[in-house]
Amino acid sequence: MEETKINAQPIDSKIPEGPIAEKWTNYKAHQKLVNPANKRKLDIIVVGTGLAGASAAATLGEMGFNVLNFCIQDSPRRAHSIAAQGGINAAKNYQNDGDSVYRLFYDTVKGGDYRAREANVYRLAEVSNNIIDQCVAQGVPFAREYGGLLANRSFGGAQVSRTFYAKGQTGQQLLLGAYSSLNRMIHAGKVKSYNRYEMHDVVIIDGRARGIIAKNLVTGKLERFAAHAVVIATGGYGNTYFLSTNAMGCNCSAAMACYRHGAYFANPAYVQIHPTCIPVHGDKQSKLTLMSESLRNDGRIWVPKNIEDAKKLQAGQIKGSDIPEEERDYYLERRYPAFGNLVPRDVASRAAKERCDKGYGVNNTGKAVFLDFSEAINRLGIDVIRQRYGNLFDMYEEITDVNPGELANEINGVKYYNPMMIYPAIHYTMGGIWVDYELQTSIKGLFAIGECNFSDHGANRLGASALMQGLADGYFVLPYTIQNYLSDQITVPHFSTDSPEFDAAEKKVQKNLDDLMAIQGKRSVDSIHKELGNVMWDYVGMARTKESLETALKKLKELRKEFETNLFIPGTQEGMNVELDKAFRLRDFITMGELIAYDALNRHESCGGHFREEHQTEEGEAKRDDENFFYVACWKYNGNDETAPTLIKEPLHYEGLASEGRSCHGWL
Amino acid sequence: MHDIPTDTSFLEMMDILNEMLIEKGEEPVTFDHDCREGICGMCSLYVNGHPHGPATGATTCQLYMRRFKDGDTITVEPWRSAAFPVIKDLMVNRNAFDQIQQAGGYVSFQTGGAQDANAIPISKEAADEAMDSATCIGCGACVAACKNGSAMLFLSAKVSQFALLPQGKAEAKRRVKAMLAKMDELGFGNCTNTGACAAECPKNIKLSNIARLNREFLCAKCSD
Ligand SMILES: Cc1cc2nc3c(=O)[nH]c(=O)nc-3n(C[C@H](O)[C@H](O)[C@H](O)COP(=O)(O)OP(=O)(O)OC[C@H]3O[C@@H](n4cnc5c(N)ncnc54)[C@H](O)[C@@H]3O)c2cc1C
Ligand code: SF4
Ligand code: FES
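This is a predicted model, so every value here is computed, not measured.

Draft legend 1. Representation of the site of ligand 2. Residues and elements named next belong to chain B. The immediate surroundings of ligand 2 are formed by 13 residues, with Cys136, Cys139, Gly140, Cys142 and Cys201 found nearest. For the shell around ligand 2, the elements supplying multiple residues, two or more each, are α4 (141-145) and α5 (152-163). Of the residues assigned to the shell around ligand 2, the class counts are 11 nonpolar, 2 polar and no charged.

Draft legend 2. Inspection of the sheet that holds strand β14 (residues 328-329) of chain A at higher detail. An order of β12-β18-β15-β13-β14 (chain A) is seen for the 5 strands of this open sheet, with the pairing classed as antiparallel. Each having just a single partner strand, β12 (271-277) and β14 of chain A make up the two edges of the open sheet.

Draft legend 3. Geometry of the interface of chain B and chain A. Each partner contributes to the interface: chain B provides 68 residues, whereas chain A provides 72 residues. Across the chain B/chain A interface, buried area totals approximately 6000 Å², and carbon plus sulfur atoms make up 52% of it. Our count for the chain B to chain A interface comes out at 6 salt bridges. The closest approach of N and O atoms between Asp132 of chain B and Lys167 of chain A, which form a salt bridge, is 3.0 Å. In this structure, the connection of chain B to chain A is made through 42 residue pairs in polar contact (both at pLDDT 80 or more). If you list the elements that add at least two residues to the side of chain B that touches chain A, you get α1 (10-23), β4 (86-88), β5 (91-92), α2 (95-102), α3 (124-134) and α5 of chain B. The greatest single-element share of the side of chain B that touches chain A, amounting to 7 residues, is contributed by α3 of chain B.

Draft legend 4. Representation of helix α1 (residues 23-30) of chain A in the model. All names here are of chain A. Every buried residue of α1 is listed here: Lys23, Trp24 and Tyr27. The arc that holds every buried residue of α1, seen down its axis, measures 95°, which confines them to one face. Contact partners of the buried residues in α1: α5 (118-138) and α13 (466-486).

Draft legend 5. Structural view of the site of ligand 1. All names here are of chain A. Taken together, 37 residues sit near ligand 1, with Gln73, Ser81, Gly86, Met199 and Glu451 positioned nearest. At 3.0 Å, a backbone N or O of Ala52 approaches an oxygen atom of ligand 1. The separation between a nitrogen atom of ligand 1 and a polar main-chain atom of Met199 is 2.7 Å. If you list the elements that add at least two residues to the shell around ligand 1, you get α3 (51-63), β7 (197-205), β18 (420-429) and α13. When residues in the shell around ligand 1 are grouped by element, the largest group, 3 residues, is from β7. Here the residues of the shell around ligand 1 sort into 17 nonpolar, 17 polar and 3 charged.

What counts and what doesn't
- Residues numbered from 1 in each chain as written.
- Chains lettered and ligands numbered in written order.
- Predicted model: local features only at pLDDT ≥ 70, side-chain atom pairs only at ≥ 80, totals over all residues.
- Heavy atoms only, no water.
- Near = heavy atom within 4 Å.
- Helix = DSSP H or I, 4+ residues; strand = E, 2+ residues; numbered from the N terminus.
- Nonpolar A, V, L, I, M, F, W, Y, C, P; charged D, E, K, R; others polar.
- Pairing = 2+ DSSP bridges.
- Contact = heavy atoms within 4.5 Å.
- Buried area = accessible area lost by both parts, 1.4 Å probe.
- Salt bridge = Lys/Arg side-chain N within 4 Å of Asp/Glu carboxyl O.
- Polar contact = N/O pair within 3.5 Å; in protein donor to acceptor, adjacent residues only side chain to side chain.
- Buried < 20%, exposed > 50% of the residue type's maximum accessible area, 1.4 Å probe, protein only.
- Arc of directions from axis to C-beta.

Written out as structure tokens, the structure is:
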């Protein structure tokens, strides 16, 4: 197998001087700005219209820059951010429960298992409050109390109530808020919106990002766009695993294009697996549906104590409600008595896998556990429970045909209701394009924001913090930091796309597409993507070992070969060709898969979303190795997809916090 | 098609159909979809004469095959409306919806200038009602269902959200006029209160939004 190389080259993350709480203020006080008259001389490309992209495009437009904004959907409002349910964190301390900027910062760093860059996280916590003010001013209808003030809930086991929400549709409402600001700027002529356009490559001139090649998905034609700076806001790479909670169109191609040009890719191994998703039901399934984590507040997770019962469940001979209380193993409550069903996401996910691997799974595939509301319904009544989770119960019933609130059995006077079945699924990716404090990648003039960068969540993300990060980047960080870069660009005239660099870039993209069309093999894109997903889930999933990762790399090599020689794309390049577009993305998912495996193999420790079976405590908990792995792993491309990438380390320095061990007994 | 398990979603059935076509060397059927959870508004499809199919309060992607009987013939068509031209097969262009929003579906407010979020209390009732209106996913089923091809339900949902909140008041008059003028310009039909839109809306956007829009519009006209 190809060895990865390690490069000792130092990395400049441009963290400002001063105490942690003053860095951002200092930065803003001393950064270079672009004056209003000069802003209109500068063009900025923003790829993506999710929370990060839409908020950045709108804000840059308001400031006076000329913005070109791209998305692959038919409208900016349909970016994947729309699907976020639970909420968004902020350190407002409206509930007077002791929250503060410092506490949010601390929780985020700790939640990330001490693998995030401290200065970035502090800034995130600092601007979190501005986000809520901003969104309320836009007319985002957050949930409110009877007194008319904003409501909060606690989320993901935090000790304070700092999560703001709009029913179960927080992402939708935040995105529609950003979309409304974006629309105002489109109307004002400051943002030009390109829908159903897919960025295929970034154009680099003299070492700086100066434009993109994008495909008009309707006409099938490639088009060129030039600008003084390029911002990538294209979301995460969860769909590498084929089945995930991400939308079908989520992809990592823009990030991979940057990576192939030399932008470092940081911490790809950190992927988050969400414990409460509806289990896989068959091989025709296209995606997995997340059931809100809030269900764990009242639901109890269990599998049968006896393996015979599990076998009967798997064979469909009995139902969950046939098994009485004393025969149930509430394994989270048993293993983690202090936190019970509310343990962090990765702990809950691995515990479910452990039971299922031992044969205690409760559905026909053996890959599901029960989430049961009987105790809560018996205690509080069905009305209270339906008030809390009614819409989730309905959603579950629509998908599975089982109503979790329905009385199913009575044994010895105890009422048992239909339990839900759940299983973990890929949900979020903490890794991403490496960026410095200014959110600039290792290529000048190329910035990355939102889920597609690696910046703030370390090895694991807390619930309700992705929305916060996307909007922090887009509204409050990038619009400042990008000016520091642009201030000396004002004398550079608007670019023309008639240049040898653009010619070459377009030619390369065209050749890629021609090559894909020319394969004319036998297999559909989806069939290969599913195979990729299986390899990733089985060998680079929730629990990884040296052997599993080496096997994965071998299998991925074969899979790439299969893709390159046996893919079939019907139709032509004229007009819309969905299969061709999917093939283009799949090629990058394969490279991404390898990158995840390389990073996971290199990281001989368990931390956050990355679990190496070789590194666990006796209780089966993740064991970090701060001595050897207290760094950001940055991967540099080596000229072609077949060669292993080079590792460059960004050492972490903690000033504000000392790194502590983590155990579920004292965690959260 | 054969052997479709009942727990397959409608769009997964379409995937299976497309895989079959590709296997035969033919081009698959093009249709819009993304989240497959009923929230992005990307999926469309007229199924057996109903936008988003026979289920109420659900999008096409939330439709499961157990709704149909073995041996049923299912008719699938794209949205039909002059304002939504077909791009390919079952995929249409809904850009007109974006244009209506661009005409005024916002609060004119600059990033960074906001006061504390709790400075203006808003009654829970108003906030909840605004939320109900803001739930619209912009799918276009209302237009597809309407014999006049009117976009009133869609438009009224946005106007109502802002009409119910203090943040939206300052621009209320300008907003409603600009958005209505845009809707007319883009070739959507007039509303004749048949209510087909609300009956087919997957997010249960209520007809009372249209009544509120009409009030807002009258108010705006009166003060001209
Ligand atoms: C089901 C679900 C629930 C969630 N719930 C929560 C929650 O409650 N709280 C929370 O904080 N987080 C939540 N998350 C995570 C959060 O939603 C995402 O991390 C976040 O929305 C990502 O935003 P983004 O702007 O970075 O990217 P996205 O919203 O993914 O947007 C990506 C954009 O890039 C565009 N794009 C992609 N590739 C290209 C290309 N090549 N060319 C042109 N355009 C391109 C897309 O069209 C899109 O506009 C949830 C995620 C899921 C899946
Ligand atoms: S009002 Fe209903 S049918 Fe019309 S676009 Fe909104 S959600 Fe779709
Ligand atoms: S695919 Fe998103 S609403 Fe149907």
